[in-house]
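One letter stands for each residue in the lines below.
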Amino acid sequence: MARDSQAALIALNRFGFGARGGASGDLINAASDPRGFVKAELARPNGVLLEAPGLQSTPQLGQAVFAYQDQVKQAREAAKETAKAGGPAETPAQAPADQTPGLRRNLSLNAAAEITGQMAEAKPTENTAKSGTMQPNAATPPAAKPAPQPLNVIQKIFRAEALARLQRATLVDCGFTERLVVFWSNHFCISAGKGELARIWAGSFEREAIRPHVLGRFADMLRAVEQHPAMLFFLDNQQSLGPDSRAGQNRKRGLNENLAREIMELHTLGVGGGYTQGDVTSLARIITGWTFAGRQGQLGAPGSFVFNVNAHQPGPQVLLGKTYDAAGLAQGEAALADLARHPSTANFIATKFARHFVADDPPPVLVARLRDVFVKTDGDLKALATALVDSDEAWKAPLTKMRSPYDFLVASGRLLARVPEDPGVYLNGLNLLGQPLWSPAGPNGFPDTSAAWAAPEGMKLRLDIAARIGARLGNNIDPLDLLEFAAADAASTETRRTIERAESRQQALALLLMSPEMQRR
């Protein structure tokens, strides 16, 4: 069978995370049967699951947070008592480095250089040149940096979850199922910046609510997501009380519509999907009582999903013209099942799916085909992914979509054949590039268009990262060999000449990482 390097490049870049360097042979394997190479991962549904030593369930993590918070409270109270007695007060602990309250898009170039220096995993030698800003005859030595604060249990778990995800993305053959995980995790996003529970649950949310259903049914994923404690906490549904429920009347509080609104606007029907504000309020009533057990465990194991009947709005509810009888938890599950099968949901998901993998303005024919598959298979997501790979449109569209920061960093690590050992180098890079892991600025997730990631400032920061990687690793790597791994004869003449004309191997490696073959998908 003739090998098609261009189709292999599409298989690896559009559907996966790019070719791996070393002896993987990814490009050669993909060139023999590009579509079969991509679809091979769909035949291994258990391969989507992520299990690693130390990764715990959401209830276990919830109990760890509650115990940690109790310890912090006790320490603060002890510090207050010490201060009252005239003793020295403890210095408050600083926030760990990977906590990023907001997107940092306006860093100075010096700050950018400091962070991007951590992107290369090879350690500098003792003779590494110092910063050019230091005066050669300075009499005063630089002040010693304070010792870093030890990571608390929340940060340790977050980093362990991040490392497991990054290692999986780096090691898989193509990466199609991992790309599906990233897509659905962003579609049903939470933000680790919401608070300590969200941060420690970010990874378990993806492992428990997303991964088991990536090749299953959309309705099952929808239910798993909306009943997961991480989503309930992120969108404040534990605060939502039915106005006529026992808890609502006792506490004089009512509905919180956050989760209901995002279920309809972002998770299922989409904007313009045919719902009204009245429907949002009805759905909010229907899912009152959906919460998680707190630290006291009165309703269940701390950190587990529970249905609190005392907080549930009694009586039937009308949603999108259909009456849902009072049936407790089943009332909400029936509503979600119908939203999953709604025609607007099929159109919204098909459009978003095609936009992510193919083009910012996806071919209408492709969107229509994916919509039909979604409807006919009752939301079978494996069938949806298969239809995407089988479509000619997905292979004919040019590779013009800009890789997201996460895709870029993972693709670079794969090509350099470097399995992540320290998640910090990736987490810092993602923070710098504006895509902090599991921490979008809002419930609509990170943007999925080229314009969002191709801004001049963002490209300058990518160049900084590429230059630092080149400076650290370029001496031991032949960039032209890497280009063969990445694209072979599918590489453009311009890219090949640019690398050949580089002044050094370090510069050539940086140019390779910034080439269209590495930046576009």
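Conventions we followed
- Residues numbered from 1 in each chain as written.
- Predicted model: local features only at pLDDT ≥ 70, side-chain atom pairs only at ≥ 80, totals over all residues.
- Heavy atoms only, no water.
- Helix = DSSP H or I, 4+ residues; strand = E, 2+ residues; numbered from the N terminus.
- Buried < 20%, exposed > 50% of the residue type's maximum accessible area, 1.4 Å probe, protein only.
- Contact = heavy atoms within 4.5 Å.
- Areas by Shrake-Rupley, 256 points an atom, 1.4 Å probe, with all protein chains shown as cover.
- Axes fitted to C-alpha atoms, helices over the stretch in contact; angles between N-to-C directions.
- Parallel < 35°, antiparallel > 145°, perpendicular 65-115°, else oblique.
- Left-handed = near helix turned anticlockwise from the far one by under 90°.
- Nonpolar A, V, L, I, M, F, W, Y, C, P; charged D, E, K, R; others polar.
- pLDDT = per-residue confidence, 0-100.
- Polar contact = N/O pair within 3.5 Å; in protein donor to acceptor, adjacent residues only side chain to side chain.
- Core = buried A, V, L, I, M, F, W, Y, C linked by side-chain atoms within 4.5 Å.
- Salt bridge = Lys/Arg side-chain N within 4 Å of Asp/Glu carboxyl O.
- Arc of directions from axis to C-beta.
- Phe/Tyr/Trp six-rings, centres within 6.5 Å; stacked < 30°, edge-to-face > 60°.
- Lys NZ or Arg CZ within 6 Å of the ring centre and 35° of its normal.

What follows is about the overall build of the protein chain. Each helix and strand counted, the protein chain has 26 helices and 4 strands in total. Considering the protein chain as a whole, with its 521 residues, one finds that 51% of them fall into the buried category. Considering only intrachain contacts with a sequence separation of at least 6, the fraction spanning at least 24 residues in the protein chain is 76%. Element-wise, carbon and sulfur atoms account for 52% of the exposed surface of the protein chain, whose accessible area totals about 23400 Å².

Here we take up the packing of helix H15 (residues 343–357) against helix H16 (residues 364–376). Running from amino to carboxyl end, H15 crosses H16 at an angle of 130°, the nearest separation of the two axes being 8 Å. The orientation of H15 with respect to H16, classified from their angle, is oblique. Relative to H16, H15 is oriented so that their crossing is right-handed. Only Leu366, Val367, Leu370, Arg371, Phe374 and Val375 of H16 make contact with H15, whose side of the interface consists of Thr345, Ala346, Asn347, Ile349, Ala350, Thr351, Phe353 and Ala354. For the contact of H15 with H16, a count of residues per class yields 10 nonpolar, 3 polar and 1 charged.

Here the protein chain averages 90 in pLDDT, while 89% of its residues score no lower than 70. Note on residues 91–97: pLDDT under 50 across the span, and 6 contacts to partners over four residues away in sequence or across chains.

This part takes up the side chain of Asn256. Turning to its location among the elements, Asn256 is positioned in the loop between helix H11 (246–251) and helix H12 (258–267). The class of Asn256 is buried, set by a relative accessible area of 16%. Looking at Asn256, its side chain comes within polar contact range of the main-chain nitrogen of Asn258, at 3.0 Å. Look past the residues within four positions of Asn256 in its chain and what remains in contact with it is Leu235, Asp236, Asn237, Gln239, Ser240 and Ala284.

Tracing the chain through its elements places Thr268 in the loop between H12 and helix H13 (277–286). When sequence neighbours within four positions are dropped, the list of residues in contact with Thr268 reads Phe218, Leu222, Ile263, Leu339, Ser344, Thr345 and Phe348.

Turning next to helix H25 (residues 505–513). Within H25 the residues assigned to the buried category are Ala508, Leu509, Ala510, Leu512 and Leu513. Its buried side turned inward, H25 meets helix H19 (405–415), helix H22 (456–473), helix H23 (479–486), helix H24 (493–500) and helix H26 (516–519).

Judged by nonpolar contacts, the single largest core of 136 residues is most densely connected at Phe15, Phe176, Trp184, Leu283 and Phe353. When residues of this core are assigned to their parent elements, the largest contribution, 8 residues, is made by helix H8 (residues 196–210). Sequence-distant contacts of Phe176, defined by excluding residues within four places in its chain, comprise Phe15, Gly16, Val38, Glu41, Leu42, Phe357, Ala385 and Val389.

Before going further, it helps to spend a moment on the pattern of salt bridges. Inspection of the entire model under this criterion finds 25 salt bridges. We note a salt bridge from Arg207 to Glu161, for which the minimum N-O separation is 2.7 Å. With Arg207 in helix H8 and Glu161 in helix H6 (residues 153–171), the pair connects residues that are 46 residues apart, well separated along the chain. Here the two residues Arg207 and Glu161 agree in accessibility, since each one is buried.

Of the positions making up helix H9 (residues 218–226), those classed as buried are Phe218, Ala219, Met221, Leu222, Val225 and Glu226. Each buried residue of H9 lies within a common arc of 160° when the element is viewed along its axis, so the set occupies one face.

We now examine unusual backbone geometry. Residue Ala417 is not a glycine yet carries a positive backbone phi of 55°. One non-glycine residue, Trp438, lies in positive phi territory at about 55°. By secondary structure assignment, the location of Trp438 is in the loop between helix H20 (423–433) and helix H21 (450–453). Residue Trp438 is classed as buried on the basis of its relative accessible area, which comes to 9%.

Before going further, it helps to spend a moment on the packing of aromatic side chains. Think of a pair of aromatic rings as described by two things: how far the centres are apart, and how the planes are tilted against each other in angle. In the structure shown here, the tally under the stated rule is 18 aromatic pairs. With a centroid separation of 6.1 Å and an interplanar angle of 70°, the aromatic rings of Phe17 and Tyr406 are classed as edge-to-face. On the criterion of sequence distance, the pair formed by Phe17 in the loop between helix H1 (5–14) and helix H2 (26–32) and Tyr406 in helix H19 is long-range, its members being 389 residues apart. With respect to class, Phe17 is no different from Tyr406; both count as buried. One aromatic cluster is present, built from ring pairs that chain together Phe15, Phe176, Phe183, Trp184, Phe188, Phe218, Phe353, Phe357, Phe374 and Trp395. The ring centre of Phe158 lies 4.7 Å from the NZ or CZ of Arg199, which sits over that ring.

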